[in-house]
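Architecture at a glance
Each chain, letter by letter, is given below.
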Amino acid sequence: MEKFRCFGHWIDLIRFCVSTARFSVSINGALFRLFEATYGIRQGDSMSPFLFAIMAEALERKGEWKGIRVVGDCEPVTHAQFAEDTSLFGEASMKEVECIRDTLDKYARQSGQVMNRQKSTIFYFNTEKCLQRKIVNKLSFAIASLLTKYLGAPIIEGVCRSKHWEEVVEKCRNKATSWKHKWLSLTARMVMIKFVLFAIPIYAMSYFSTTHKIESKIRKHLK
C-alpha cells in the first residue's frame, strides 16, 4: 500500500486490523480465552478479498514486461485473472521470461503467496522447439497443449463460423430426439423446450455471433 502511495492513516488502520485480530474457539457451547493470530487475518474475513485485490494490483507494476497486443495499437496485456486462474502473457524471448520470473518472485515475497509450479503450464504459439525448452528450464513449468474449451465455451481462432455451432445444434437435436420416444403431455413438452432446449443456444449466443442459417437449424429442433 505504501508503494501505491496510500494515505498513512489508511495504512495504519489496515495494519491495526490485521495485526490485532483475536479469536476464540467454541467447544460444546463454551467459549475459551481469546488468542491472537500469528499470520495475518483468517480466511473468509470480509477484509480478505479487498486485501487480495490490492496485492493483485502489484502485477500491474510490470516494469519491462512487454506482454502482448491483441489488436493494433491497444494497450498490451500482461495478465488476466478469473476465479482461481491467473493467465500471464508475454513474448517468447528469454528477456521477457526474466521479467516475468522477477515479477512473480517479487509478488511472492510481498504477498506471501507462492506459485504452485507443478500446476502451472505454458502454452506456445509459433515458437521454436529449442526456445521452448530454454523457457521451460527457466520457469520450471510444464508444456501444455492448447485448450479447446474454457468454462464450457470453445476457444476459436478468427471469425466465428457455422462449423463452430455444430456442437450446439447437435446437442439440441439429441435432446429433442430423446423426448420423441417419451409419453409427454403438451404442457410438459413446452416446459422442457423453454427451460432445457432454449438454455443450450442462449449460453452459446453470449460469446458467439450467430447467423440466420444457424438460427433456422436451432428453431427446427425446438418445434
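Scroll up for the structure.
Notes on the structure in this doc start here. (Residues numbered from 1 in each chain as written. Predicted model: local features only at pLDDT ≥ 70, side-chain atom pairs only at ≥ 80, totals over all residues. Heavy atoms only, no water.)

Details of the environment of Cys-172
Considering the arrangement of structural elements, one finds Cys-172 in helix α5 (residues 166–180). With relative accessibility at 0%, the residue Cys-172 sits in the buried group. (Helix = DSSP H or I, 4+ residues; strand = E, 2+ residues; numbered from the N terminus. Buried < 20%, exposed > 50% of the residue type's maximum accessible area, 1.4 Å probe, protein only.)

Describing the environment of Lys-66
Following the sequence through the fold, Lys-66 ends up in the loop between α2 (48–56) and β5 (79–82). By relative accessible area, Lys-66 is classed as partly exposed at 46%. As a C-alpha pair, Lys-66 and Gly-90 span 24 residues in sequence and 6.4 Å in three-dimensional space. If we ignore the near neighbours within four places in the chain, the residues touching Lys-66 are Pro-76, Thr-78, Glu-91 and Glu-96. (Contact = heavy atoms within 4.5 Å.)

Here we look at the pattern of salt bridges
For the coordinates displayed, the defined rule picks out five salt bridges. Here Glu-170 ties to Arg-173 by a salt bridge, and the two come within 2.7 Å at their closest N and O atoms. Taken as a pair, Glu-170 and Arg-173 lie in helix α5 at a separation of three residues, close to a single helical turn. Of the residues examined, Glu-170 reaches a relative accessible area of 35% and is grouped as partly exposed. (Salt bridge = Lys/Arg side-chain N within 4 Å of Asp/Glu carboxyl O.)

Details of the side chain of Thr-78
For Thr-78, the position within the fold is in the loop between α2 and β5. Accessibility expressed as a relative area gives 4% for Thr-78, which makes it buried.

Some words on the side chain of Glu-96
Mapped onto the elements, Glu-96 comes out in helix α3 (residues 94–111). For the buried residue Glu-96, which engages in no salt bridge, the nearest side chain bearing the opposite charge is Lys-66, 6.1 Å off. At a separation of 3.1 Å, a polar atom in the side chain of Glu-96 contacts the main-chain amide nitrogen of Lys-66. A polar side-chain atom of Glu-96 sits 2.9 Å from the main-chain amide nitrogen of Gly-67. (Lys, Arg positive; Asp, Glu negative; His and termini not counted. Polar contact = N/O pair within 3.5 Å; in protein donor to acceptor, adjacent residues only side chain to side chain.)

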